[in-house]
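# Secondary and tertiary structure notes
Below, each chain spelled out in residue letters.
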Amino acid sequence: MKAIGKRSTCAISYSLDLFGDKWTLLILRDMIFSKKNSWLEWKNGYEGIAPSVLTDRVNLLTNEGVIMKKVSEKNASKFLYYLTNKGLDLIPLMVDLMEFGSTYHLEGGSKYWLEKIKKNKNKTIEDLRAEMITARNEAFPEMI
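What comes next is a walk through the structure.

About the criteria used
- Residues numbered from 1 in each chain as written.
- Predicted model: local features only at pLDDT ≥ 70, side-chain atom pairs only at ≥ 80, totals over all residues.
- Heavy atoms only, no water.
- Salt bridge = Lys/Arg side-chain N within 4 Å of Asp/Glu carboxyl O.
- Helix = DSSP H or I, 4+ residues; strand = E, 2+ residues; numbered from the N terminus.
- Buried < 20%, exposed > 50% of the residue type's maximum accessible area, 1.4 Å probe, protein only.
- Phe/Tyr/Trp six-rings, centres within 6.5 Å; stacked < 30°, edge-to-face > 60°.
- Lys NZ or Arg CZ within 6 Å of the ring centre and 35° of its normal.
- Arc of directions from axis to C-beta.
- Contact = heavy atoms within 4.5 Å.
- Polar contact = N/O pair within 3.5 Å; in protein donor to acceptor, adjacent residues only side chain to side chain.
- Pairing = 2+ DSSP bridges.
- Core = buried A, V, L, I, M, F, W, Y, C linked by side-chain atoms within 4.5 Å.

## As for the pattern of salt bridges
Within this structure, the stated rule accounts for ten salt bridges. Its salt-bridge partner being D21, residue R57 comes within 3.0 Å of it at the nearest N-O pair. Residue R57 is found in helix α4 (residues 51-63), and its partner D21 is found in the loop between α1 (11-19) and α2 (22-34); the two are separated by 36 residues along the sequence. D21 carries the same exposure label as R57, and that label is buried. As a salt-bridge pair, D30 and R29 come within 2.8 Å of each other at their nearest N and O atoms. Residue D30 is classed as buried on the basis of its relative accessible area, which comes to 5%. One salt-bridge network, in which partners are shared between bridges, spans D21, D56 and R57.

## A look at the packing of aromatic side chains
Under the counting rule described, the total for this entry stands at five aromatic pairs. Pairing Y82 with F140 gives two aromatic rings, centres 5.8 Å apart and planes at 90 degrees, and the pair type is edge-to-face. With a gap of 58 residues between them, Y82 in strand β2 (residues 79-83) and F140 in the segment after α8 (121-139) connect regions that are remote in the sequence. K69 extends its terminal NZ or CZ atom over the ring of F79, reaching a point 4.3 Å from the ring centre. When the ring centre of F140 is taken as reference, the NZ or CZ atom of K70 above it lies at 5.3 Å.

## Description of helix α7 (residues 111-119)
Buried residues of α7: W113, L114 and I117, and no others. Along the long axis of α7, the arc covered by the buried residues comes to 100 degrees, so they all point the same way. In α7, the exposed positions that point more than 90 degrees away from the buried face belong to K111, Y112, E115 and K119. At its buried positions, α7 is contacted by α2, α6 (91-104) and α8.

## Structural notes on the side chain of T124
Within the fold, T124 resides in helix α8. Take T124: its relative accessible area is 4%, and that puts it in the buried class. Engagement of the side chain of T124 in a polar contact is seen with the backbone oxygen of K116, the distance being 3.0 Å.

## A look at the pairing of β2
With four of its five residues buried, β2 lies for the most part within the structure. In terms of strand pairing, strand β1 (residues 67-71) meets β2 through five bridges, oriented antiparallel. Bridging from a neighbouring strand, K69 pairs with Y81 of β2.

## Details of the nonpolar core
The biggest cluster of nonpolar side chains holds 30 residues, and the ones touching the most others in it are L28, F33, V66, I67, L83 and I91. Looking at this core, the elements that each hand over two or more residues are α1, α2, α4, β2, α6, α7 and α8. If one sorts the elements of this core by residue count, α2 sits on top with seven residues. When residues no more than four places from it in sequence are discounted, the contact partners of L28 are F19, L61, V66, L83, L90 and M94. If you look at the next biggest cluster of nonpolar residues, it comprises five residues, including L80, Y82, A139 and F140.

Given below as structure tokens:
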């Protein structure tokens, strides 16, 4: 997938072009809340994303500067993905989506995350951000 084309100057339109499908948000969810950072980890998720769709969404997120990739030190044929600063800025949105879904979903969603968010939403966001930065800095020490 190539970069998003400009249809209008509307910020919501741009955001929907980037995140307006469930797969993109679920990849980000897995990165942020489950610390998954490889194509295979996302592919093996229980939602059952098709490989072509997964590749398309990962390419979109990479091309739009939301995630960055690095070859795994343990397996040269595997890429690992990390949030960029642009991606880190999505953590509050993802926490809000988690809170909304956990509050209104019939089965309640993730009780673990709902409790953390209800206890201290800002700290939860700060902790998630710090974890993502630490993982990225370990993968890209030259960025420090």
